[in-house]
Every structure is written in structure tokens, then in C-alpha cells.
Amino acid sequence: ELRLNGQQRQAIRALTDELDGPFWTLRNQGGEKATQLFQQLTATAESRMEQVLTAAQRKRLAQIRLSVFGLKALLRDDVAEELALSEQQRTRIRQVLEAAKSTEEPPQPAKSGQSPVKPVRSKSPADSPQTQIAAILSRQQLDKVRDVLGPPVDASKLGYVNFKAPELDAKDGWLDSPPLTMPQLRGKVVALHFWTFG
């Protein structure tokens, strides 16, 4: 989606490898400390990505991030500010989205061996949240929305988030094996037996 070249891919892989460990340890932190560390790591990632990506790639990445939010992106402070939404517009958009959420029907339970059945919508396109929100926005704001969100993106084609497994850190040495590293184990089935006294 970003049309990264080989050098950019390598730089981003090195960045994610570097930040994976610190992000991983956040799961053991609590409350405000974890939030602060998360914000610091995210700021580091964003500033380093600015050095790797072109201006066009950074813009597209921002569009993709917002498109994942869907229409809820309009409720974000940064987007509302960029669109110059009034407080009244924001309130009306919030009401439309809450009404749409409350009228959503859950998928029907699947019969054995089948996928869940999505409910059939009887609403006309005029009743859709997109149409209602378009009526709330001015022509200039609608044009700006298209620029802020960019071309539609199929989030299902963006792939999955991959986490790098942390290195096995045996501070007291290894038993029955020389030290092993993740690159040595890539592509192999590995059984880990964790044990302790006490």
C-alpha cells in the first residue's frame, strides 16, 4: 500500500525489531507508567518513520490509520480540527454514529460447518450513516474528508501484526545445549520447558 522500496523495508524491519522488546515488556506494566512508556515508544517510532518514509508515504500512512477508524475518525480531535467541524456538527455526527450502532443487528448464529449469517439490511442508502453525515458537512468539509481519508483501503489486505519473539535469555547458562538464538531456530519446531525450584 505504501510502495516501500527494499531499503525502506529493511529500515522499518530494523526499527520494529528494536522496539518489539520494549513494547513487549509493557504487558507487565500497570496503568499510567505503561501509558507513558507506550507514548514514548510510539513517539520514537513516528519520528524514526519520518526519516524513512517520503512525504507522500507519510500522508498515505496517516490516511490508512484513519480509515481503520471508519466514520468514527470524524470524532477524533485532530480530524475535527482539520475539517473545522463546529461543536454542533460533532454532536450531530456522534448522534448518527450512536444511532447506527444501536440499530445494528448481530450476525445470526452459524449452523454447523457454516459461516455466520450477516443480517440483511432493509434501510435505503438515504438512511445510511454515510449519507446522514454527508448532509451534516459543508461541501468544503466533504472535499477535505476525501483528502484526509484518501482512497479507500481494504484493511483485510494489510496483513497481520507480527511480533518478534524475544531472545531466550539464560542468565545462569544453558543446560544440554549451547546458547540458542532466534535466527538459529527460525523455521524449526521448538519445545520450551520452563521449570524452577521453589
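Some remarks on helix H2 (residues 31–52)
For step 1, the next point in the chain: In this model, H2 (22 residues) spans 32 Å end to end at C-alpha, consistent with the 32 Å of a helix rising 1.5 Å per residue.
For step 2, the next point in the chain: For H2, every residue scored as buried is listed here: Ala34, Leu41, Ala45 and Met49. For H2, the angular spread of the buried residues around the axis is 75°, confining them to a single face. For H2, the exposed residues lying more than 90 degrees away from the buried face are Glu32, Gln39, Gln40 and Gln51.
For step 3, the next point in the chain: Looking at the packing, one finds that the buried side of H2 touches helix H1 (6–25) and helix H3 (55–69).

Describing the pattern of salt bridges
For step 1, the next point in the chain: Evaluated as defined, the whole model comprises nine salt bridges.
For step 2, the next point in the chain: Two residues, Asp147 and Lys59, come together in a salt bridge whose shortest N-O distance is 3.0 Å. Here the residue Asp147 occupies a position in helix H7 (residues 139–149), and Lys59 occupies one in helix H3, the gap between them amounting to 88 residues.
For step 3, the next point in the chain: Here Asp77 and Arg90 are joined by a salt bridge, their closest N and O atoms 2.6 Å apart. Of this pair, Asp77 sits in helix H4 (residues 77–83) while Arg90 sits in helix H5 (residues 87–103), and the two are 13 residues apart along the sequence.
For step 4, the next point in the chain: Overall, the relative accessible area of 56% leaves Asp77 in the exposed class.
For step 5, the next point in the chain: The class for Arg90 is buried, based on a relative accessible area of 15%.

Looking at the packing of aromatic side chains
For step 1, the next point in the chain: Taken as a whole and judged by the stated rule, the model has one aromatic pair.
For step 2, the next point in the chain: Between the aromatic rings of Phe23 and Phe38, the centroid separation amounts to 5.7 Å while the plane-to-plane angle is 65°, which identifies the pairing as edge-to-face. One end of the pair, Phe23, is in helix H1; the other, Phe38, is in helix H2, and 15 residues separate them in sequence.
For step 3, the next point in the chain: On the basis of relative accessibility, which here comes to 43%, the residue Phe38 falls in the partly exposed class.

Thoughts on the packing of H3 against H7
For step 1, the next point in the chain: Where H3 contacts H7, the axes come no closer than 7 Å and their chain directions differ by 105°. On the basis of the axis angle, H3 is roughly perpendicular to H7. Residues Lys59, Arg60, Gln63, Leu66 and Ser67 of H3 touch H7, and the partners they reach there are Asp147, Val148 and Leu149.
For step 2, the next point in the chain: When its residues are assigned to classes, the contact of H3 with H7 shows three nonpolar, two polar and three charged.

Notes on unusual backbone geometry
For step 1, the next point in the chain: Here the phi dihedral of Arg3 falls at roughly 55°; this positive angle occurs in a residue that is not glycine.
For step 2, the next point in the chain: Considering the arrangement of structural elements, one finds Arg3 in the segment before H1.
For step 3, the next point in the chain: Phi angles above zero are rare outside glycine, and Ala84 is one such case at about 55°.
For step 4, the next point in the chain: Note that Ala84 resides in the loop between H4 and H5.

Reading guide: rules and limits
- Residues numbered from 1 in each chain as written.
- Predicted model: local features only at pLDDT ≥ 70, side-chain atom pairs only at ≥ 80, totals over all residues.
- Heavy atoms only, no water.
- Helix = DSSP H or I, 4+ residues; strand = E, 2+ residues; numbered from the N terminus.
- Expected span 1.5 Å × (residues − 1).
- Buried < 20%, exposed > 50% of the residue type's maximum accessible area, 1.4 Å probe, protein only.
- Arc of directions from axis to C-beta.
- Contact = heavy atoms within 4.5 Å.
- Salt bridge = Lys/Arg side-chain N within 4 Å of Asp/Glu carboxyl O.
- Phe/Tyr/Trp six-rings, centres within 6.5 Å; stacked < 30°, edge-to-face > 60°.
- Axes fitted to C-alpha atoms, helices over the stretch in contact; angles between N-to-C directions.
- Parallel < 35°, antiparallel > 145°, perpendicular 65-115°, else oblique.
- Nonpolar A, V, L, I, M, F, W, Y, C, P; charged D, E, K, R; others polar.

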